[in-house]
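Residue strings, one per chain:
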Amino acid sequence: NAGVMQNPRHLVRRRGQEARLRCSPMKGHSHVYWYRQLPEEGLKFMVYLQKENIIDESGMPKERFSAEFPKEGPSILRIQQVVRGDSAAYFCASSQRPGQDLASGIYEQFFGPGTRLTVL
Amino acid sequence: KQEVTQIPAALSVPEGENLVLNCSFTDSAIYNLQWFRQDPGKGLTSLLLIQSSQREQTSGRLNASLDKSSGRSTLYIAASQPGDSATYLCAVRPDAGNKLTFGGGTRVLVKP
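Residues numbered from 1 in each chain as written. Chains lettered and ligands numbered in written order. Predicted model: local features only at pLDDT ≥ 70, side-chain atom pairs only at ≥ 80, totals over all residues. Heavy atoms only, no water.

(A) Inspection of the overall build of chain A at higher detail. Of the regular secondary structure elements, chain A holds zero helices and eleven strands. In sequence order, the secondary structure elements of chain A are arranged as β-β-β-β-β-β-β-β-β-β-β. Taken over the C-alpha trace, chain A has a radius of gyration of 14 Å; the compact-globule value for 120 residues is 14 Å, and the two agree within 12%. Seen along its three principal axes, the alpha-carbon backbone of chain A occupies a region of about 50 × 30 × 30 Å. (Helix = DSSP H or I, 4+ residues; strand = E, 2+ residues; numbered from the N terminus. Rg over C-alpha atoms; globule rule 2.2 N^0.38 Å.)

(B) Focus on the pattern of salt bridges. Taken as a whole and judged by the stated rule, the model has five salt bridges over all chains. With a closest N to O distance of 3.0 Å, B:R37 and B:D39 form a salt bridge. (Salt bridge = Lys/Arg side-chain N within 4 Å of Asp/Glu carboxyl O.)

(C) Local environment of unusual backbone geometry. Look at the link from A:N7 to A:P8: it is a cis peptide, with omega at -5°. Structurally, A:P8 is set in the loop between β1 (5-7) and β2 (10-13). With an omega of 0°, the peptide bond running from B:I7 to B:P8 counts as cis. Along the polypeptide, B:P8 turns up in the loop between β1 (4-7) and β2 (10-14). Of note in this structure, A:Q81 is not a glycine but carries a positive phi near 45°. Checked against the element boundaries, A:Q81 lands in the loop between β8 (75-79) and β9 (88-95).

(D) Up close: the nonpolar core. Ranked by internal contacts, the top residues of the largest apolar core, which has 23 residues, are A:W34, A:M46, A:L77 and A:Y90. Leaving out residues up to four positions away in the same chain, A:M46 has contacts with A:W34, A:Y35, A:R36, A:D56, A:E57, A:S58, A:G59, A:M60, A:P61, A:F65, A:L77 and A:Y90. Core analysis: the second largest hydrophobic core is formed by 22 residues, B:L62, B:A64, B:A86 and B:V108 among them. (Core = buried A, V, L, I, M, F, W, Y, C linked by side-chain atoms within 4.5 Å. Buried < 20%, exposed > 50% of the residue type's maximum accessible area, 1.4 Å probe, protein only. Contact = heavy atoms within 4.5 Å.)

(E) Looking closely at the sheet that holds strand β3 (residues 19-25) of chain B. Residue and element names in this part refer to chain B. Ordered by their spatial adjacency, five strands build an open sheet running β1-β3-β8-β7-β6, and the pairing between neighbours is antiparallel. Of all strands in the sheet, those bounded by a partner on one side alone are β1 and β6 (56-59). Neighbouring strand axes in the sheet, compared pairwise and without regard to direction, differ in orientation by 15° on average. (Pairing = 2+ DSSP bridges. Axes fitted to C-alpha atoms, helices over the stretch in contact; angles between N-to-C directions.)

(F) Looking closely at the state of the cysteines. Residue and element names in this part refer to chain B. Throughout the structure, instances matching the rule amount to two disulfides over all chains. Shown here is the disulfide that connects C23 with C90, its sulfur atoms set 2.0 Å apart. Residues C23 and C90 are joined by a disulfide whose S-S torsion is about 70°; by sign, that bridge is right-handed. Here C23 is found in strand β3, whereas its partner C90 is found in strand β9 (residues 86-94), with 67 residues between them in sequence. (Disulfide = S-S within 2.5 Å.)

(G) Spatial organisation of the pairing of β9(A). Residue and element names in this part refer to chain A. Among the eight residues of β9, eight are classified as buried, and the element is accordingly described as predominantly covered. Of the two faces of β9, the one carrying A88, Y90, C92 and S94 and the one carrying A89, F91, A93 and S95 are both buried. Taken together, the three bridges between β9 and strand β11 (residues 115-119) define a ladder with antiparallel strand orientation. Directly across from A88, in β11, lies its bridge partner L117. As paired strands, β9 and strand β10 (residues 110-111) are joined by two bridges and run antiparallel to one another. Bridge assignment links S94 to a residue of β10, and that residue is F110.

(H) Structural context of the packing of aromatic side chains. Under the counting rule described, the total for this entry stands at seven aromatic pairs over all chains. A ring pair is formed by A:Y33 and A:Y48, whose centres lie 4.6 Å apart and whose planes are at 10°; its orientation type is stacked. Taken together, the residues span a long stretch of sequence, with A:Y33 in strand β4 (residues 31-37) and A:Y48 in strand β5 (residues 43-50) at a distance of 15 residues. The burial state of A:Y33 is the same as that of A:Y48; both residues are buried. An aromatic cluster is present here, built from A:Y35, A:F45, A:F111, B:F36 and B:F102 joined pairwise through their rings. (Phe/Tyr/Trp six-rings, centres within 6.5 Å; stacked < 30°, edge-to-face > 60°.)

(I) Structural context of the sheet that holds strand β3 (residues 19-24) of chain A. All names here are of chain A. Read from one edge of the open sheet, four strands run β1-β3-β8-β7, paired in antiparallel fashion. At either margin of the open sheet sits one strand with a lone partner, and together these are β1 and β7 (65-68). Within the sheet, the average angular offset between the axes of one strand and its neighbour, ignoring direction, is 15°. With five bridges connecting them, β3 and β8 associate as antiparallel partners. The partner of C23 across the bridge, within β8, is S75.

Okay, here's the thing in C-alpha coordinates:
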(Lines give C-alpha, C1' and ligand atoms only; values in the text may rest on other atoms or scores of the structure.)
Protein backbone atom coordinates (compact mmCIF):
# COMPACT_ATOMS: atom_id res chain seq x y z
CA ASN A 1 0.00 0.00 0.00
CA ALA A 2 1.79 3.08 -1.23
CA GLY A 3 1.87 6.07 1.05
CA VAL A 4 0.84 9.60 0.22
CA MET A 5 2.40 10.61 -3.09
CA GLN A 6 3.33 14.15 -4.03
CA ASN A 7 4.76 15.44 -7.27
CA PRO A 8 6.82 17.07 -8.30
CA ARG A 9 9.23 16.76 -5.40
CA HIS A 10 11.00 19.93 -6.48
CA LEU A 11 9.54 22.76 -8.54
CA VAL A 12 11.26 25.90 -9.74
CA ARG A 13 9.22 28.79 -11.07
CA ARG A 14 9.96 32.37 -12.04
CA ARG A 15 7.99 35.21 -10.54
CA GLY A 16 4.61 35.54 -12.20
CA GLN A 17 4.34 31.92 -13.33
CA GLU A 18 1.86 29.37 -12.06
CA ALA A 19 2.71 26.45 -9.80
CA ARG A 20 0.66 23.25 -9.66
CA LEU A 21 1.33 20.80 -6.86
CA ARG A 22 -0.26 17.36 -6.89
CA CYS A 23 -1.12 15.01 -4.08
CA SER A 24 -2.40 11.44 -4.33
CA PRO A 25 -3.76 10.23 -1.00
CA MET A 26 -3.20 6.78 0.44
CA LYS A 27 -5.47 4.07 -0.88
CA GLY A 28 -8.79 4.19 0.92
CA HIS A 29 -8.34 7.77 2.12
CA SER A 30 -10.90 10.32 1.05
CA HIS A 31 -9.67 13.37 2.96
CA VAL A 32 -6.72 15.54 2.05
CA TYR A 33 -4.97 18.33 3.93
CA TRP A 34 -2.37 20.81 2.67
CA TYR A 35 0.24 22.40 4.94
CA ARG A 36 3.00 24.88 4.16
CA GLN A 37 6.41 25.12 5.79
CA LEU A 38 8.12 28.44 5.14
CA PRO A 39 11.90 28.59 5.63
CA GLU A 40 12.82 28.52 9.32
CA GLU A 41 9.14 28.33 10.29
CA GLY A 42 6.80 25.59 11.47
CA LEU A 43 4.17 23.88 9.40
CA LYS A 44 0.96 25.85 8.96
CA PHE A 45 -2.39 24.44 7.90
CA MET A 46 -3.72 25.70 4.59
CA VAL A 47 -6.79 23.75 3.49
CA TYR A 48 -8.75 20.57 4.14
CA LEU A 49 -10.69 18.87 1.36
CA GLN A 50 -12.72 15.80 0.72
CA LYS A 51 -13.72 14.61 -2.72
CA GLU A 52 -15.28 17.54 -4.62
CA ASN A 53 -15.62 19.62 -1.44
CA ILE A 54 -13.55 22.18 0.41
CA ILE A 55 -14.21 21.62 4.10
CA ASP A 56 -11.92 24.21 5.70
CA GLU A 57 -9.81 26.77 3.84
CA SER A 58 -9.15 29.03 6.79
CA GLY A 59 -5.37 28.84 6.27
CA MET A 60 -5.34 29.68 2.58
CA PRO A 61 -4.04 33.09 1.50
CA LYS A 62 -6.93 35.14 0.17
CA GLU A 63 -5.46 35.63 -3.29
CA ARG A 64 -3.62 33.53 -5.87
CA PHE A 65 -4.03 30.22 -4.01
CA SER A 66 -6.67 27.60 -4.76
CA ALA A 67 -7.12 23.90 -4.09
CA GLU A 68 -9.29 21.15 -5.44
CA PHE A 69 -9.83 17.45 -4.95
CA PRO A 70 -11.83 16.14 -7.89
CA LYS A 71 -13.85 12.96 -7.95
CA GLU A 72 -11.12 11.33 -10.02
CA GLY A 73 -7.42 12.06 -9.79
CA PRO A 74 -5.14 13.77 -7.31
CA SER A 75 -5.69 16.84 -5.22
CA ILE A 76 -4.17 19.96 -6.76
CA LEU A 77 -2.82 23.02 -4.97
CA ARG A 78 -2.54 25.84 -7.47
CA ILE A 79 -0.58 29.04 -6.95
CA GLN A 80 -1.04 31.73 -9.57
CA GLN A 81 1.47 34.49 -10.28
CA VAL A 82 4.00 33.16 -7.80
CA VAL A 83 6.17 35.54 -5.79
CA ARG A 84 9.42 34.88 -3.95
CA GLY A 85 7.55 34.67 -0.64
CA ASP A 86 5.76 31.55 -1.91
CA SER A 87 9.04 29.62 -1.77
CA ALA A 88 8.42 26.89 0.78
CA ALA A 89 7.86 23.19 1.30
CA TYR A 90 4.25 22.19 0.70
CA PHE A 91 3.09 19.02 2.42
CA CYS A 92 0.00 17.02 1.78
CA ALA A 93 -1.57 14.62 4.27
CA SER A 94 -4.46 12.23 3.93
CA SER A 95 -6.78 10.38 6.27
CA GLN A 96 -9.83 8.23 6.32
CA ARG A 97 -13.05 9.90 7.30
CA PRO A 98 -12.15 11.79 10.48
CA GLY A 99 -14.13 10.46 13.40
CA GLN A 100 -14.76 12.36 16.55
CA ASP A 101 -15.42 9.31 18.71
CA LEU A 102 -12.86 6.77 19.74
CA ALA A 103 -14.99 3.86 18.61
CA SER A 104 -14.72 4.98 15.01
CA GLY A 105 -10.95 5.02 15.07
CA ILE A 106 -8.15 7.48 15.27
CA TYR A 107 -8.09 8.55 11.60
CA GLU A 108 -4.52 9.70 11.77
CA GLN A 109 -3.17 12.01 9.10
CA PHE A 110 -0.36 10.51 7.03
CA PHE A 111 2.04 12.89 5.34
CA GLY A 112 3.63 12.87 1.92
CA PRO A 113 7.29 13.72 1.20
CA GLY A 114 6.46 17.30 0.25
CA THR A 115 7.02 19.52 -2.77
CA ARG A 116 9.74 22.10 -2.45
CA LEU A 117 8.84 25.18 -4.42
CA THR A 118 11.54 27.68 -5.31
CA VAL A 119 10.54 30.97 -6.90
CA LEU A 120 13.34 32.76 -8.70
CA LYS B 1 -6.63 30.24 18.88
CA GLN B 2 -4.43 27.23 19.59
CA GLU B 3 -0.71 27.90 19.98
CA VAL B 4 1.88 25.15 20.26
CA THR B 5 5.35 25.82 21.63
CA GLN B 6 8.36 23.54 21.68
CA ILE B 7 11.28 24.13 23.99
CA PRO B 8 14.18 24.00 23.47
CA ALA B 9 14.43 24.99 19.84
CA ALA B 10 17.70 23.08 19.54
CA LEU B 11 19.42 20.43 21.59
CA SER B 12 22.84 18.80 21.33
CA VAL B 13 23.71 15.71 23.40
CA PRO B 14 26.41 13.03 23.41
CA GLU B 15 25.47 9.59 22.19
CA GLY B 16 23.84 7.44 24.86
CA GLU B 17 22.25 10.27 26.76
CA ASN B 18 18.46 10.35 27.18
CA LEU B 19 16.57 13.06 25.28
CA VAL B 20 13.67 15.04 26.75
CA LEU B 21 11.66 17.18 24.35
CA ASN B 22 8.86 19.42 25.54
CA CYS B 23 5.67 20.56 23.86
CA SER B 24 3.06 22.88 25.33
CA PHE B 25 -0.31 23.97 23.95
CA THR B 26 -2.65 26.75 25.04
CA ASP B 27 -6.07 25.18 24.39
CA SER B 28 -6.68 21.90 26.21
CA ALA B 29 -9.67 21.00 24.02
CA ILE B 30 -7.66 18.59 21.92
CA TYR B 31 -8.63 15.30 20.29
CA ASN B 32 -5.09 13.96 20.06
CA LEU B 33 -1.44 14.95 20.01
CA GLN B 34 1.12 13.59 17.61
CA TRP B 35 4.91 13.58 17.57
CA PHE B 36 6.72 13.60 14.21
CA ARG B 37 10.30 13.35 13.06
CA GLN B 38 11.55 15.41 10.11
CA ASP B 39 14.95 14.90 8.53
CA PRO B 40 16.50 17.81 6.56
CA GLY B 41 14.76 18.27 3.23
CA LYS B 42 12.43 15.35 3.90
CA GLY B 43 8.83 14.75 4.84
CA LEU B 44 7.29 13.95 8.21
CA THR B 45 7.44 10.55 9.85
CA SER B 46 4.83 9.93 12.53
CA LEU B 47 6.40 8.62 15.73
CA LEU B 48 3.62 8.47 18.30
CA LEU B 49 0.00 9.53 18.51
CA ILE B 50 -1.67 10.00 21.90
CA GLN B 51 -5.43 10.24 22.19
CA SER B 52 -6.71 12.89 24.61
CA SER B 53 -7.93 10.17 26.97
CA GLN B 54 -4.48 8.57 27.17
CA ARG B 55 -1.60 9.51 29.45
CA GLU B 56 1.24 8.03 27.42
CA GLN B 57 2.31 5.99 24.43
CA THR B 58 5.45 3.92 23.96
CA SER B 59 7.25 2.61 20.92
CA GLY B 60 10.69 1.07 21.37
CA ARG B 61 13.03 3.68 22.81
CA LEU B 62 10.37 6.38 22.50
CA ASN B 63 7.86 7.33 25.16
CA ALA B 64 5.45 10.23 24.97
CA SER B 65 3.37 11.51 27.85
CA LEU B 66 0.36 13.79 27.75
CA ASP B 67 -1.03 16.02 30.50
CA LYS B 68 -4.04 17.49 28.79
CA SER B 69 -5.21 19.66 31.67
CA SER B 70 -1.89 21.46 31.95
CA GLY B 71 -1.38 21.57 28.17
CA ARG B 72 1.86 19.66 28.04
CA SER B 73 3.43 16.69 26.35
CA THR B 74 6.93 15.29 26.68
CA LEU B 75 8.79 13.01 24.28
CA TYR B 76 11.49 10.87 25.84
CA ILE B 77 14.07 9.13 23.68
CA ALA B 78 16.17 6.67 25.64
CA ALA B 79 19.84 5.97 24.94
CA SER B 80 20.12 8.39 22.03
CA GLN B 81 22.00 7.45 18.87
CA PRO B 82 23.48 9.61 16.10
CA GLY B 83 20.65 8.36 13.86
CA ASP B 84 18.20 10.15 16.15
CA SER B 85 19.52 13.49 14.89
CA ALA B 86 16.57 15.24 13.27
CA THR B 87 13.91 17.85 13.96
CA TYR B 88 11.07 16.67 16.18
CA LEU B 89 7.66 18.26 15.78
CA CYS B 90 4.58 18.00 17.93
CA ALA B 91 1.12 18.73 16.59
CA VAL B 92 -2.32 18.86 18.18
CA ARG B 93 -5.68 18.14 16.62
CA PRO B 94 -8.61 20.00 18.16
CA ASP B 95 -11.81 18.48 19.47
CA ALA B 96 -13.71 20.36 16.79
CA GLY B 97 -12.13 20.26 13.35
CA ASN B 98 -9.33 18.30 11.78
CA LYS B 99 -6.49 20.67 11.09
CA LEU B 100 -3.28 20.07 12.97
CA THR B 101 -1.50 22.92 14.74
CA PHE B 102 2.26 22.37 14.82
CA GLY B 103 4.94 23.58 17.16
CA GLY B 104 8.10 25.12 15.79
CA GLY B 105 10.09 21.95 16.38
CA THR B 106 13.18 20.97 18.34
CA ARG B 107 16.31 20.37 16.29
CA VAL B 108 18.28 17.52 17.87
CA LEU B 109 21.91 16.66 17.28
CA VAL B 110 23.32 13.49 18.83
CA LYS B 111 27.10 13.54 18.74
CA PRO B 112 28.97 10.24 18.44
